[in-house]
Amino acid sequence: QVQLVESGGGLVQAGGSLRLSCAASGRTFSNYAMGWFRQAPGKEREFVAAIMWGGGTTYYADSVKGRFTISRDNAKNTVYLQMNSLKPEDTAKYYCAASRLWASRRSDDYTSWGQGTQVTVSS
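Report on the accompanying structure. For clarity, every value in this text was computed on a predicted model and none was experimentally measured.

Parameters at a glance
Residues numbered from 1 in each chain as written. Predicted model: local features only at pLDDT ≥ 70, side-chain atom pairs only at ≥ 80, totals over all residues. Heavy atoms only, no water. Helix = DSSP H or I, 4+ residues; strand = E, 2+ residues; numbered from the N terminus. Rg over C-alpha atoms; globule rule 2.2 N^0.38 Å. Buried < 20%, exposed > 50% of the residue type's maximum accessible area, 1.4 Å probe, protein only. Contact = heavy atoms within 4.5 Å. Phe/Tyr/Trp six-rings, centres within 6.5 Å; stacked < 30°, edge-to-face > 60°. Polar contact = N/O pair within 3.5 Å; in protein donor to acceptor, adjacent residues only side chain to side chain. Pairing = 2+ DSSP bridges. Disulfide = S-S within 2.5 Å. Axes fitted to C-alpha atoms, helices over the stretch in contact; angles between N-to-C directions. Salt bridge = Lys/Arg side-chain N within 4 Å of Asp/Glu carboxyl O.

**Quick notes on the overall build of the protein chain**
Helix and strand counts for the protein chain stand at zero helices and 11 strands. Along the protein chain, from the amino end to the carboxyl end, the secondary structure elements read β-β-β-β-β-β-β-β-β-β-β. Scaling as 2.2 N^0.38, a compact globule of 123 residues should have a C-alpha radius of gyration of about 14 Å, and the protein chain matches this with 13 Å. The principal-axis extent of the C-alpha atoms belonging to the protein chain is close to 40 × 30 × 25 Å. A total of 123 residues make up the protein chain; the buried ones form 46% of that total. Sequence-distant contacts, at least 24 apart, represent 58% of the contacts inside the protein chain between residues at least 6 apart.

Pasting the structure below:
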């Protein structure tokens, strides 16, 4: 399995931006589709965005479409989540995950998970 470490979270005002990074190690990163999920206190983990192995195909949750952008740099073994126009409802712990299957919206399709990075958006 691949090991994942997220970074880039923090506290930001509504309307602001953050870029999350997820560094992978242990296996061939380009063999994995990557996803971002988030979980707010008292809520279930939800899909945010996903990207296929080569980076040419991406998927987004409706709640973030047009505001968030997922990308990857296979040479750096890193996947990114650029978050713009942040809203208080985006406050959550954000997790990156790796899948050998596809860029799925289902968390069960991902076999490796990072520890998460906290994003807090103040109003």
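**Focus: the packing of aromatic side chains**
Per the stated rule, a full pass over the model turns up four aromatic pairs. Seen from their ring centres, Phe37 and Phe47 are 5.7 Å apart, and the 75° between their planes marks the pair as edge-to-face. Pair noted here: Phe37 is in strand E4 (residues 33-39) and Phe47 is in strand E5 (residues 46-51), with a separation of 10 residues, a long-range link. Here Phe37 falls in the buried class, since its relative accessible area comes to 1%. Ring-pair connections join several aromatic residues into one group, and the members of that group are Phe37, Phe47, Tyr110 and Trp113.

**Examining the environment of Asn74**
Examined against the element boundaries, Asn74 turns out to sit in the loop between strand E7 (68-73) and strand E8 (78-83). Sequence separation between Asn74 and Ser85 is 11 residues, and the spatial gap between their C-alpha atoms is 27 Å. In this view, Asn74 contacts Phe29, Ser30, Trp53 and Gly54; residues no more than four positions away in its chain are not counted. Side chain to side chain, Asn74 and Arg72 meet in a polar contact 2.8 Å long.

**Some thoughts on the pairing of strand E3 (residues 18-25)**
With five bridges joining them, strand E1 (residues 3-7) and E3 adopt antiparallel strand pairing. Within the sheet, the bridge partner assigned to Ser7 lies in E3 and is Ser21.

**As for the state of the cysteines**
All chains considered together, the criterion is met by one disulfide. A sulfur-sulfur separation of 1.9 Å characterises the disulfide bridge that pairs Cys22 with Cys96. The chirality of the disulfide connecting Cys22 with Cys96 is right-handed, given an S-S dihedral of about 45°. Taken together, the residues span a long stretch of sequence, with Cys22 in strand E3 and Cys96 in strand E9 (residues 92-99) at a distance of 74 residues.

**Notes on the sheet that holds E1**
Spatially, the four strands line up as an open sheet ordered E1-E3-E8-E7, and their pairing is antiparallel. Sheet topology places E1 and E7 at the edges, where each strand pairs with a single neighbour. Averaged over all adjacent pairs, the angle separating strand axes in this sheet is 15°, with direction ignored.

**Describing the pattern of salt bridges**
Enumeration according to the criterion identifies five salt bridges in this entry. For Glu46, the salt bridge is made with Arg38, and the minimal N-O distance between the two is 2.6 Å.

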